[in-house]
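# Fold and contact review
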Amino acid sequence: MRVLAIGAHPDDVEFQIGGTLAKYSKQGSEIYIAVATNGNIGSFRMSKEEIAEVRHKEARKAADLIGAHLIWMNFEDEFLIDTPKSRLKFIDTVRIAKPDIVFAHEPYNDYNPDHDMVGYLAFIARINAAIKLIETDNPPIQKVPALFYYSTLTFGNFIPEYYVDITDAFELKKKMFLCHDSQQGDWCKDAFGVKYLDMLESQARLAASQAGTPGCEYAEVLKLCKSWPTIAGAYKLLP
Ligand SMILES: [Zn+2]
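## Looking at the overall build of the protein chain
In terms of helices and strands, the protein chain carries 7 helices and 7 strands. Ordered by position in the sequence, the α and β elements of the protein chain form the string β-α-β-α-β-α-β-α-β-β-α-α-α-β. The C-alpha radius of gyration computed for the protein chain amounts to 17 Å, which stays within 12% of the reference 18 Å derived for 239 residues, consistent with globular compactness. Principal axes of the C-alpha set define a box for the protein chain whose edges measure 50 × 50 × 30 Å. For the protein chain, buried positions account for 54% of its 239 residues. Within the protein chain, residue pairs in contact and separated by at least 24 positions form 78% of the contacts whose partners lie at least 6 positions apart. Counting every atom, the protein chain has about 10800 Å² of accessible surface; 54% of that belongs to carbon and sulfur.

Right under this line is the structure:
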């Protein structure tokens, strides 16, 4: 299996789909984590350049924990917009990963504009990556991958369709998430009063309660992109 997870900011993928990726990793899948923006407004103490560099290192550390490739797309945090450049970058990202399955934010259903835009650009790229006359650094893919959308924070506006039992991968998910050290202190807790790790844990527990499967203590939730081409039996690609 080849897996591509795209997040708007460093730590989004770990928070929403880290357990699923850890499970794929244990199964020996080839995993790509693409981070669209460089997180360069995620600090009240550091300069834009400093925090972007810190967050790049944190993202690499998290990806290393599951042996994933990191694609650092380096767009400006909070200013990811739909342009020819951003479309081509997303298309090339899909071509690098050659995925069977793609995970992304759901388009236009989230609290953050970069999240919404990642969903939209991923939706465009999964098909356009197969089109020969759209040229990027890498050759077109041969088959269109399945696209799943992962949850919003605390399920806001999100009605889950599929549940992945991550009970055996939860500790690794937490470790991946905690690699993003710069976001645990001044940013989330001091600025917004958010205890990010508590939120991660309670969300995974709530997902498991919804799943209702005996022995499932932690879960992650997904929705399938239903636009053509719907990949038959796409849910079977989930770990
Ligand atoms: Zn984010």
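More follows now that the structure is in view.
## A word on the packing of helix α1 (residues 12-26) against helix α5 (residues 170-178)
How two helices sit against one another is set out by the angle between their axes and by the gap between those axes. Two numbers describe how α1 lies on α5: the axes approach to 8 Å, and their chain directions differ by 135 degrees. As the angle between them shows, α1 and α5 are arranged oblique. Relative to α5, the crossing made by α1 is right-handed. Residues Glu14, Phe15, Gln16, Ile17, Gly18, Gly19 and Ala22 of α1 pack against Leu172, Lys173, Met176 and Phe177 of α5. The class makeup of the residues in the contact of α1 with α5 is 6 nonpolar, 3 polar and 2 charged.

## Overview of the packing of aromatic side chains
Any two aromatic rings considered together are summarised by their centre-to-centre distance and by the angle between their planes. Inspection of every chain in the model, using the stated rule, returns 9 aromatic pairs. On the numbers, 6.2 Å between centres and 50 degrees between planes, the contact of Tyr24 with Phe103 is tilted. Of this pair, Tyr24 sits in helix α1 while Phe103 sits in strand β4 (residues 101-104), placing them 79 residues apart in sequence. As far as the burial class goes, Tyr24 and Phe103 line up, both buried. Seen in terms of ring centroids, Phe103 and Phe148 are 6.2 Å apart; in terms of plane orientation they differ by 35 degrees. Their pairing is tilted. Residue Phe103 is located in strand β4, and its partner Phe148 is located in strand β5 (residues 146-150); the two are separated by 45 residues in the primary sequence. There is no split in this pair, since Phe103 and Phe148 are both buried. An aromatic cluster is built from Tyr24, Phe103, Phe148, Tyr162 and Tyr235, whose rings are joined through pairwise contacts.

## Considering the coordination of the zinc ion
Bound to the zinc ion on the protein side are His9 (ND1), Asp12 (OD), Asp12 (OD) and His115 (NE2), at distances that span 2.0 to 2.3 Å. Taken together, the 4 donor atoms surrounding the zinc ion define angles of 56 to 133 degrees at the centre, an arrangement classified as irregular. Here the donor residues for the zinc ion map to a single chain with the spacing H-x2-D-x102-H. Of this pair, Asp12 sits in helix α1 while His115 is found in helix α4 (residues 113-128), placing the two residues 103 residues apart along the sequence.

## Brief notes about the pairing of β4
The side-chain alternation of β4 yields two buried faces, one formed by Ile101 and Phe103 and the other by Val102 and Ala104. Relative to β4, strand β1 (residues 2-7) runs parallel, the two being bridged by 3 bridges. Its bridge partner being in β4, Ala5 is matched across the sheet by Phe103. As defined by bridge partners, β4 adjoins β5 across 4 bridges and the pair is classed as parallel.

## Things to note about the nonpolar core
Counting 40 residues, the largest nonpolar core has Leu21, Ile33, Phe103 and Phe148 as the members making the most contacts within it. Ignoring any residue separated from it by four or fewer positions in sequence, one finds Ile33 in contact with Ala5, Val13, Leu21, Ala63, Ile66, Ala68, His69, Leu70, Ile71 and Met176. By size, the runner-up hydrophobic cluster in this structure holds 26 residues, among which are Tyr32, Phe90, Val102 and Leu121.

## Description of the side chain of Glu58
Tracing the backbone through its elements, the reader meets Glu58 in helix α2 (residues 48-65). Although Glu58 lies buried, it forms no salt bridge, and the closest oppositely charged side chain, Arg55, sits 4.6 Å away as judged by the N-O distance. With residues near it in sequence (within four places) discarded, Glu58 still touches Cys179, His180, Asp181 and Ser182.

## Comments concerning the pattern of salt bridges
Where side chains of opposite charge bring their charged atoms close, a pairing between them can arise. What the rule picks out here adds up to 9 salt bridges. A salt bridge links Lys23 to Asp168; the shortest N-O distance between them is 3.8 Å. Taken together, the residues span a long stretch of sequence, with Lys23 in helix α1 and Asp168 in the loop between β6 (162-165) and α5 at a distance of 145 residues. Residue Lys23 is classed as buried on the basis of its relative accessible area of 15%.

Cut-offs and rules
Residues numbered from 1 in each chain as written. Predicted model: local features only at pLDDT ≥ 70, side-chain atom pairs only at ≥ 80, totals over all residues. Heavy atoms only, no water. Helix = DSSP H or I, 4+ residues; strand = E, 2+ residues; numbered from the N terminus. Rg over C-alpha atoms; globule rule 2.2 N^0.38 Å. Buried < 20%, exposed > 50% of the residue type's maximum accessible area, 1.4 Å probe, protein only. Contact = heavy atoms within 4.5 Å. Areas by Shrake-Rupley, 256 points an atom, 1.4 Å probe, with all protein chains shown as cover. Axes fitted to C-alpha atoms, helices over the stretch in contact; angles between N-to-C directions. Parallel < 35°, antiparallel > 145°, perpendicular 65-115°, else oblique. Left-handed = near helix turned anticlockwise from the far one by under 90°. Nonpolar A, V, L, I, M, F, W, Y, C, P; charged D, E, K, R; others polar. Phe/Tyr/Trp six-rings, centres within 6.5 Å; stacked < 30°, edge-to-face > 60°. Donors = N, O, S within 2.8 Å, 3.2 Å for Na, K, Ca; no water. Tetrahedral: all angles 85-135°; square planar, octahedral: opposite > 155°, others 65-115°. Pairing = 2+ DSSP bridges. Core = buried A, V, L, I, M, F, W, Y, C linked by side-chain atoms within 4.5 Å. Lys, Arg positive; Asp, Glu negative; His and termini not counted. Salt bridge = Lys/Arg side-chain N within 4 Å of Asp/Glu carboxyl O.

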